[in-house]
Amino acid sequence: ANRLGLRGLKRQKVLKENEMWASVEPLIRWLGVRVSGILSDSQRDELERQIGLAGDYMGITADEYLAMTLLAGFVGGIVGAFGGWITEMGGIIFVVGVMLGGAMPYMQISGVAQERLKNIGRGLPYVIDLMALSMGAGLDFPGAVRQVVDKSSNPDDPLVEEFTLVLQTMNLGRTRKEAVLEFARRAPIETVTEFVNSLVQAEDRGNPVAEVLAIQATVSRTRRSVRAEELAAKAGVQMVGPLMLVFFCIMGLLMGPALMNIMAGL
């Protein structure tokens, strides 16, 4: 894990907290080495991107991601073969088991990535507010980021993890622009993109970063309110279908016995 840097730290943390993963991880690591020659550079970059969007999911690499997919497909095939033997449906259940098993790692990592990006989008306006207040009080940008990290009550929050990475990137000697652009690459959502673009433009043009952050926080909150209003408006339309089904079910329960009595009388 030492050669993986921050991803290795996450792997060590997951290994301590998840006993099941700790028992399976040596097999995944061994199988990942064996299949490492299968992936092309573009395929490996795509898998690395998916893992990065999920916050370096469990500290795995692209080769281990492929190994997990193959192992899950193998286990799914065994379950499918057993189910096909019981139901006497044979190959169909086997193929379905292999496909579902192989898709499980992708579905899991994609779900984690979507939830992570959603949490980042929700929490970023408040973080920008805190950074603007900190810089207005005299702190520089790294000091404001450190305030976000230190004042957080949940160190496992994805937004805190990303700002920790930004702070560590700057501590390694990279520029603020490079650090925030890396943040935008790992969390490619509209709120983060606008935040990063505003910081980059402020740095290029020499504008006060504190004022830019204050404006960006207001814009982010406004967009969040508009998004909530849009979802609320769509919810009423989306509930029409389920409500109609409930209505027909109730009508069936009320009218069914009466119809049965009428039919019995005839």
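Quick notes on the rules
- Counting of residues starts from 1 at the beginning of each chain's written sequence and follows it residue by residue.
- Note on the predicted model: pLDDT of at least 70 is required for a residue's local features to be given, and 80 or more for side-chain atom pairs to be given and counted; whole-chain, interface and lining totals, by contrast, use all residues.
- Only heavy atoms go into the side-chain values, all of them from the structure, while hydrogens and water stay out.
- Elements are defined by DSSP. Helices are runs of H or I of four residues or more, strands are runs of E of two residues or more, and each kind is numbered from the N terminus.
- In this scheme, a residue with accessible area under 20% of its type's maximum is buried, one over 50% is exposed, and one in between is partly exposed, where area comes from a 1.4 Å probe on protein chains only.
- Where accessible areas are quoted, they stem from the Shrake-Rupley method and a 1.4 Å probe; at the residue level, only the protein chains shown are allowed to cover.
- All tallies of charge rest on Lys and Arg as positive and Asp and Glu as negative; His and the ends of each chain are not included.
- Where a charge lies is defined by one atom per residue type, namely NZ (Lys), CZ (Arg), CG (Asp) and CD (Glu).
- Contacts are assigned to residue pairs with any non-hydrogen atoms lying within 4.5 Å of each other.
- What goes into a patch is any residue over 30% in relative accessible area without a salt bridge, connected to like charges within 9 Å or, for nonpolar side chains (Val, Leu, Ile, Met, Phe, Trp, Tyr), within 5 Å.
- Between Lys or Arg on one side and Asp or Glu on the other, a salt bridge is scored when a side-chain nitrogen of the former is within 4 Å of a carboxyl oxygen of the latter.
- To get an axis, a line is fitted to the C-alpha atoms, and for a helix only the part in contact is used. The angle between two axes follows their N-to-C directions and goes from 0 to 180 degrees.
- By the definition adopted for this analysis, an angle is roughly parallel if under 35 degrees, roughly antiparallel if over 145, roughly perpendicular if from 65 to 115, and oblique otherwise.
- Classification convention: Asp, Glu, Lys, Arg as charged; Ala, Val, Leu, Ile, Met, Phe, Trp, Tyr, Cys, Pro as nonpolar; all other residues, Gly among them, as polar.
- Here a crossing is taken to be left-handed if its near helix is turned anticlockwise relative to the far helix by less than a right angle, and right-handed if that turn runs clockwise.
- Aromatic pairing here means that ring centres of Phe, Tyr or Trp (its six-membered ring) are within 6.5 Å. Orientation follows from the plane angle: under 30 degrees is stacked, over 60 is edge-to-face, and everything else is tilted.
- Sitting over a ring, as applied to charges here, requires NZ of Lys or CZ of Arg to be within 6 Å of the ring centre and within 35 degrees of the ring normal.
- One less than the residue count of a helix, multiplied by 1.5 Å, gives the span that helix is expected to have.
- Among buried residues, the Ala, Val, Leu, Ile, Met, Phe, Trp, Tyr and Cys ones that are joined through side-chain atoms within 4.5 Å form a nonpolar core.

Student: Explain the overall build of the protein chain to me, using residue names and the numbers behind them.
Tutor: If you tally the helices and strands in the protein chain, you get 11 helices and zero strands. Seen in sequence order, the protein chain has helices and strands lined up from the N terminus as α-α-α-α-α-α-α-α-α-α-α. Dimensions of the protein chain, computed from the C-alpha atoms along their principal axes, are close to 90 × 55 × 30 Å. Counting only residues that meet the buried cut, the protein chain has 35% of its 266 residues in that class. Within the structure as shown, the protein chain displays about 16,100 Å² of accessible surface, and the carbon and sulfur contribution to it stands at 64%. Computing the positive centroid from 26 side-chain charges and the negative centroid from 28, the protein chain places the two 1 Å apart.

Student: An account of the side chain of D56 is needed here, citing residue identities and associated values.
Tutor: When you line up the elements, D56 lands in the loop between α3 (41-53) and α4 (62-87). In contact with D56, other than residues within four places in its own chain, are R7, K10, I51 and R186.

Student: Break down a nonpolar patch on the surface for me, with residues and values.
Tutor: Taken together, V240, M244, V246, F247, F248, I250, M251, L254, M255, L259 and I262 make up a surface patch of nonpolar side chains, about 1,000 Å² in accessible area. Inspection of the secondary structure assignment puts M244 in helix α11 (residues 240-265). Owing to a relative accessible area of 39%, M244 belongs among the partly exposed residues under this scheme.

Student: Residue-level account of the environment of E161, with values.
Tutor: Among the structural elements, E161 can be located in helix α7 (residues 158-171). The spatial distance from the C-alpha of E161 to the C-alpha of V149 is 8.1 Å, given a sequence separation of 12 residues.

Student: Hey, could you go over the side chain of R186 for me, with residue numbers and the actual values?
Tutor: Tracing the backbone shows R186 in helix α8 (residues 176-186). Dropping the residues within four chain positions of it, R186 is found in contact with G52, L53, G55, D56, R116, L117, E162 and L165.

Student: Explain the pattern of salt bridges to me, and be specific about the residues and the numbers.
Tutor: Counted under the stated rule, the structure contains 10 salt bridges. Taking the shortest distance from any N to any O, the salt bridge between R29 and E25 comes out at 2.9 Å. Linking R29 with E25, this pair stays in helix α2 (residues 19-34), spanning four residues, or about one helical turn. One salt bridge in this structure joins R186 and E162, with 3.1 Å as the shortest N-O distance. Residue R186 is located in helix α8, and its partner E162 is located in helix α7; the two are separated by 24 residues in the primary sequence. Of the residues examined, E162 reaches a relative accessible area of 2% and is grouped as buried.

Student: Please give an account of the packing of α3 against α4 that cites residues and values.
Tutor: In contact at an axis separation of 8 Å, α3 and α4 are set at 85° when each is read in the N-to-C sense. The angle between α3 and α4 falls in the class roughly perpendicular. Residue-level inspection shows R44, L47, E48, Q50 and I51 of α3 in contact with α4, the latter providing A62, D63 and Y65. Taken together, the residues of the contact of α3 with α4 break down into four nonpolar, one polar and three charged.

Student: I'd like to hear about the packing of helix α5 (residues 91-136) against helix α6 (residues 141-151), residue by residue, with values.
Tutor: As a packed pair, α5 and α6 sit with axes 9 Å apart at the nearest point and diverge in direction by 130°. Considering the angle they form, α5 stands oblique to α6. The handedness of the crossing between α5 and α6 is right-handed. Residue-level inspection shows V127, L130, M131, S134 and M135 of α5 in contact with α6, the latter providing F141, A144, V145, Q147 and V148. For the contact of α5 with α6, the class distribution of residues is eight nonpolar, two polar and no charged.

Student: If you had to explain the packing of aromatic side chains to someone new, which residues and values would you point to?
Tutor: Under the defined criterion, the tally for this structure stands at four aromatic pairs. Arranged with centres 6.4 Å apart and planes meeting at 75°, the rings of F183 and F195 form a pair that is edge-to-face. Of this pair, F183 sits in helix α8 while F195 sits in helix α9 (residues 190-205), placing them 12 residues apart in sequence. Under the relative-accessibility criterion, F195 is labelled buried at 1%. Three or more aromatic residues joined by ring pairs make a cluster, and in this case those are F163, F183 and F195. One residue, R176, lies across the ring of F141, its end atom 5.3 Å from the ring centre.

Student: Give me helix α10 (residues 209-238): which residues, what numbers.
Tutor: The terminal C-alpha atoms of α10 lie 42 Å apart, and with 30 residues this matches the ideal 44 Å at 1.5 Å per residue to within 8%. Regarding α10, the residues found buried are V209, V212, L213, Q216, A217 and S220.

Student: Can you lay out the nonpolar core for me, pointing to particular residues and giving the numbers?
Tutor: It is characteristic of soluble globular proteins that their nonpolar side chains tend to be buried jointly. Judged by nonpolar contacts, the single largest core of 32 residues is most densely connected at M131, F141, F163, F183, V192, F195 and L213. The set of elements that each furnish at least two residues to this core consists of α5, α6, α7, α8, α9 and α10. With residues up to four places along the chain from it excluded, the contact list for L213 reads I128, M131, A132, M135, F195 and L199. Among the nonpolar cores identified, the runner-up in size contains 20 residues, and V14, A54, L66 and A113 belong to it.

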